[in-house]
Structure formats: C-alpha cells, structure tokens
Amino acid sequence: MAIRLGDEAPDFTADTTEGTVNFHDWKGDSWAVLFSHPKDFTPVCTTELGRVAELKPEFDKRDVKVIGLSVDPLTDHEGWKQDIVDVTGSELNFPLIADSDRTVSDLYDMVHPNANDTLTVRSVFVVGPDNKVKLTLTYPASTGRNFDELLRVIDSLQLTANHSVATPADWKDGEDVIVAPALSDEEAEEKFPKGFEKKKPYLRLTPQPNR
Ligand code: BEZ
C-alpha cells in the first residue's frame with residue numbers, strides 16, 4: 001500500500017555499502033531521507049548520487065541522515081562507486097541499500113509497474129525524528145531530482161515543525177513566513193514579537209522566527 005504523509009516509516013534491515021543497516025536504529029532521533037534509484041551504471045542515477053554526496057555537509061548541518069537504494073546487488077554498487085567519482089568528483093559518502101530481492105522497494109511501494117515492472121521509480125521519503133513520513137516525492141527514471149529543492153523543503157519542514165508558521169511559494173531559508181491561520185491576531189502578536197504584516201485577514205507575513 002502507498003505510504004502517506006503522517007504514516008510511520010516502515011522499519012527494515014538491509015545490506016548497504018556501509019554494512020547491514022536497521023533503518024530505525026540507524027536514523028535514531030535524526031531526520032532521514034530515503035531515496036531510490038532505478039538502476040546502477042545508469043547516467044541520471046550516477047549524477048544524482050554524486051550530487052547528494054556533494055551536498056552531504058548540507059544534510060549533516062540539518063541533522064538529516066541520507067540513505068539511497070537500488071535493486072542491484074552490493075557487488076554492482078561497489079563497482080559503480082568509482083564511476084560516481086570519475087563523473088562527479090564526489091565519493092559516495094552515505095549508505096546505498098542493495099535491494100536485489102525488493103524487500104525495501106516493496107515495503108515503500110517504490111516499484112510502479114505501469115512505469116516499469118522491475119525497476120524502482122525515483123522515490124524520496126523525508127522522515128522526521130518521530131519516524132513519521134513528512135514528505136514524499138516521485139519522479140520518473142528519465143528526470144533527475146533537484147536536491148537543492150529537497151534541502152529547501154527540509155528547511156521548511158523543520159521550521160514549521162517547531163513554529164506556528166507556514167512557508168509561501170518559493171520560500172527560501174531567511175525569507176518572511178506566513179503566520180499559521182489558526183492563530184488569532186492577539187496570539188500572533190504574542191508569538192511573533194517582531195510583528196506581522198496583514199496582507200489579507202488570512203495571510204499575515206512575519207520575519208522568520210528562528211533568525
Ligand atoms: C538513468 O539513471 O539514467 C536511468 C535509469 C533507468 C532508466 C532510465 C534512465
């Protein structure tokens with residue numbers, strides 16, 4: 001069954017390029033990104049893994065652990081690593097699950113038979129410290145993901161988890177945010193001492209509260 005926002009991220013134990021990983025133990029109280037790749041030794045996937053490796057310090061800064069998956073065996077993953085360095089200049093620095101028997105792919109509904117009946121699509125699951133799924137994305141094999149966008153979304157998820165705000169279209173860390181509509185003006189004045197601008201009764205902007 002499809003995994004929906006707010007569901008508990010299913011736990012699993014899997015072989016990875018960094019040894020056996022039990023997902024919940026490995027992630028602990030951190031945030032996590034679990035993302036799938038259709039196949040080893042393929043062009044888009046090679047660029048994606050290199051890009052995530054390059055961005056690893058940005059994920060670390062946000063206390064986000066990253067784990068990839070493809071349905072190829074560990075021996076293929078090991079052979080592919082050098083290609084990733086050759087092409088992108090970045091070394092794989094996070095675990096890549098070898099899901100040859102599709103245990104994890106099936107658990108997370110990553111194989112979409114009408115797209116391809118053996119390979120995973122490009123799935124992304126962002127999981128919170130409470131092990132609940134906070135975001136899902138699904139891209140086809142032919143379209144590489146934008147990992148800057150993933151970081152932007154994580155900034156929003158982490159901010160809105162801790163403050164009574166929402167983030168507007170195209171928001172980036174540091175920009176004004178929306179006061180949660182559930183708050184009255186009086187409550188908003190108390191919560192946001194920097195004040196807010198009332199564009200509409202339901203749309204009030206305030207400086208990012210954790211800045
Ligand atoms: C790719 O990563 O380029 C790719 C993988 C599977 C199918 C098509 C493209």
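Residues numbered from 1 in each chain as written. Predicted model: local features only at pLDDT ≥ 70, side-chain atom pairs only at ≥ 80, totals over all residues. Heavy atoms only, no water.

S.K.: What is the right way to look at unusual backbone geometry in this model?
M.R.: Both trends apply: most residues other than glycine have a negative phi, and most peptide bonds are in trans. One non-glycine residue with positive phi stands out, namely Asp63, at about 55 degrees. Inspection of the secondary structure puts Asp63 in the loop between helix 2 (43–61) and strand 4 (64–70). A positive phi angle, near 55 degrees, is found at Asp109, a position not held by glycine. Within the secondary structure, Asp109 sits in the loop between helix 4 (103–107) and strand 6 (122–127). (Helix = DSSP H or I, 4+ residues; strand = E, 2+ residues; numbered from the N terminus.)

S.K.: Quick question: what am I supposed to make of the sheet that holds strand 9 (residues 177–179) here?
M.R.: Across a sheet, strands are paired by hydrogen bonds formed along the backbone, either parallel or antiparallel in direction. Strand order across the open sheet formed by 4 strands is 8-9-11-10, with antiparallel pairing between neighbours. Looking at which strands have only one partner, the edges of the open sheet turn out to be strand 8 (165–166) and strand 10 (197–200). Note that strand 8 and strand 9 share 2 bridges and pair antiparallel. Following the sheet pairing, Ala166 is matched in strand 9 by Ile178. (Pairing = 2+ DSSP bridges.)

S.K.: Can you help me understand the environment of Thr20 in this one?
M.R.: Tracing the backbone shows Thr20 in strand 2 (residues 19–22). Assessed through its relative accessible area of 57%, Thr20 is described here as exposed. Separated by 150 residues in sequence, Thr20 and Asp170 have C-alpha atoms that sit 38 Å apart. Apart from the residues within four sequence positions on either side, Thr20 is in contact with Thr13, Ala14 and Asp15. (Buried < 20%, exposed > 50% of the residue type's maximum accessible area, 1.4 Å probe, protein only. Contact = heavy atoms within 4.5 Å.)

S.K.: For this particular structure, what's the right way to read the pairing of strand 3 (residues 31–37)?
M.R.: When a strand is regular, its side chains alternate between the sheet's two faces. The buried count for strand 3 comes to 7 of 7 residues, which makes it a mostly enclosed element. Neither face of strand 3 is exposed, since Trp31, Val33, Phe35 and His37 on one face and Ala32, Leu34 and Ser36 on the opposite face are all buried. Alignment of strand 3 against strand 4, held across 7 bridges, turns out to be parallel. Paired with Ser36 across the strands is Leu69, a residue of strand 4. Handedness of the crossover joining strand 3 and strand 4 through helix 2 is recorded here as right-handed. (Right-handed = clockwise from strand over helix to strand, strands pointing away.)

S.K.: What's the story with the environment of Asp76 in this structure? I'm lost.
M.R.: Along the chain, Asp76 falls in helix 3 (residues 74–88). Assessed through its relative accessible area of 26%, Asp76 is described here as partly exposed. What Asp76 contacts, discounting residues up to four positions off in sequence, is Asp40 and Phe41.

S.K.: Would you mind going over helix 2 with me for this structure?
M.R.: Every α-helix carries 3.6 residues per turn, so stepping three or four residues along brings you back to the same face. With 19 residues, helix 2 extends 28 Å from end C-alpha to end C-alpha; this agrees with the ideal 27 Å at 1.5 Å per step. Approximately 50 degrees is the largest bend angle found in helix 2, and it occurs at Leu55, with the proline Pro57 only one to four residues beyond. Turning to helix 2, its buried residues number three or more, namely Cys45, Thr46, Glu48, Leu49, Gly50, Val52, Ala53, Leu55 and Phe59. The inward-facing, buried residues of helix 2 abut strand 3, strand 4, helix 3, strand 5 (96–98), strand 6 and helix 5 (147–162). With its phi angle positive at about 55 degrees, Asp63 sits one or two positions after the end of helix 2. (Expected span 1.5 Å × (residues − 1). Bend = angle between axes of the 7 residues up to and from the residue.)

S.K.: Please clarify how the nonpolar core should be interpreted in this entry.
M.R.: Within soluble globular proteins, side chains that are nonpolar generally end up buried alongside one another. Val33, Phe35, Leu49, Phe59, Phe94, Val126 and Leu150 are the most contacted members of the largest nonpolar core, which has 25 residues in total. Taken together, the elements giving at least two residues each to this core come down to strand 3, helix 2, strand 4, helix 3, strand 6 and helix 5. Excluding residues that lie within four positions of it along the chain, Leu150 makes contacts with Val33, Phe59, Val124, Val126 and Leu135. Counting residues in each nonpolar core, the second largest holds 18 residues, with Ile3, Ala32, Phe125 and Val127 among its members. (Core = buried A, V, L, I, M, F, W, Y, C linked by side-chain atoms within 4.5 Å.)

Nothing here speaks to function; it is all geometry.
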